[in-house]
Amino acid sequence: MRIIAGEKIGTKFTAIASSVESRKRYILSARRAPGMLKIDEGAVQALRKGGSLLPVGMVAVHGTFGRGDTVRIAQQDGTEIARGIV
């Protein structure tokens with residue numbers, strides 16, 4: 001009731017990271033990544049430069065996953081280079 005009345009009580013915690021940085025941390029912290037996308041070297045380079053992953057860059061898809069799931073993104077040798085949300 002005191003807050004509704006306009007009294008300034010409590011503690012305010014300001015964000016130390018941007019919303020984009022927070023989303024990246026969320027993706028990386030996923031405990032379960034049910035799928036893996038293997039990509040070619042061109043797609044690896046595009047991701048490293050900040051580009052998007054396009055279907056043409058995928059060489060294999062492993063696992064069963066659906067919309068909203070976290071997946072591992074790996075080079076053709078299986079080395080994980082990123083994670084993403086489907």
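Here is what the cut-offs are and how they apply
- Residues numbered from 1 in each chain as written.
- Predicted model: local features only at pLDDT ≥ 70, side-chain atom pairs only at ≥ 80, totals over all residues.
- Heavy atoms only, no water.
- Helix = DSSP H or I, 4+ residues; strand = E, 2+ residues; numbered from the N terminus.
- Rg over C-alpha atoms; globule rule 2.2 N^0.38 Å.
- Buried < 20%, exposed > 50% of the residue type's maximum accessible area, 1.4 Å probe, protein only.
- Contact = heavy atoms within 4.5 Å.
- Areas by Shrake-Rupley, 256 points an atom, 1.4 Å probe, with all protein chains shown as cover.
- Lys, Arg positive; Asp, Glu negative; His and termini not counted.
- Charge placed at Lys NZ, Arg CZ, Asp CG, Glu CD.
- pLDDT = per-residue confidence, 0-100.
- Salt bridge = Lys/Arg side-chain N within 4 Å of Asp/Glu carboxyl O.
- Pairing = 2+ DSSP bridges.
- Axes fitted to C-alpha atoms, helices over the stretch in contact; angles between N-to-C directions.

Brief notes about the overall build of the protein chain
- A count of helical and extended segments in the protein chain gives two helices and four strands.
- Helices and strands appear in the protein chain in the N-to-C order α-β-α-β-β-β.
- For 86 residues, the compact-globule formula gives about 12 Å, and the C-alpha radius of gyration of the protein chain, at 19 Å, lies well above that figure.
- Within the span of the protein chain, comprising 86 residues, buried residues form 20% of the whole.
- Sequence-distant contacts, at least 24 apart, represent 53% of the contacts inside the protein chain between residues at least 6 apart.
- When the accessible surface of the protein chain is summed, it comes to about 6,700 Å², and 54% of that surface belongs to carbon and sulfur atoms.
- Within the protein chain, the 7 negative side-chain charges are centred at a point lying 7 Å from the centre of the 14 positive side-chain charges.

Some words on the confidence of the model for the protein chain
- Of the residues in the protein chain, 100% have a pLDDT of 70 or more, and the chain-wide mean is 88.
- Taken element by element, the predicted model of the protein chain shows its lowest mean pLDDT in helix H1 (residues 19-28) (78) and its highest in strand S2 (residues 58-63) (96).

A closer look at the pattern of salt bridges
- Scanning the model with the defined rule gives two salt bridges in all.
- Ionic pairing is found between glutamate 7 and arginine 2, a salt bridge with its closest N-O pair at 3.1 Å.

As for the pairing of strand S4 (residues 80-85)
- Note: strand S3 (residues 70-74) against S4, five bridges, orientation antiparallel. Within S4, the residue paired with valine 71 across the bridge is glycine 84.
- Taken together, S3 and the strand that follows it, S4, pair antiparallel across an intervening segment of five residues, in which glycine 78 is found at a positive phi of about 95°.

Topic: the environment of leucine 47
- By the secondary structure assignment, leucine 47 is in helix H2 (residues 41-48).
- On a C-alpha basis, the gap between leucine 47 and glutamine 76 in space is 14 Å, while along the polypeptide they are 29 residues apart.
- In this structure leucine 47 touches Ile39, Ser52, Leu53, Ile73 and Ile81, once residues within four positions along its chain are discounted.

Re the sheet that holds S3
- Strand order in this open sheet of four strands is S2-S1-S3-S4, and the pairing throughout is mixed. Pairing within the sheet leaves two strands with one partner each, and these edge strands are S2 and S4. Within this sheet the neighbouring strands show an average axis-to-axis angle of 25°, counted without direction.
- Seen against the sheet, H1 touches S3 and S4 and runs at an angle of roughly 110° to S4.
- Strands strand S1 (35-39), S3 and S4 of the sheet are contacted by H2, whose axis makes an angle of about 105° with S1.

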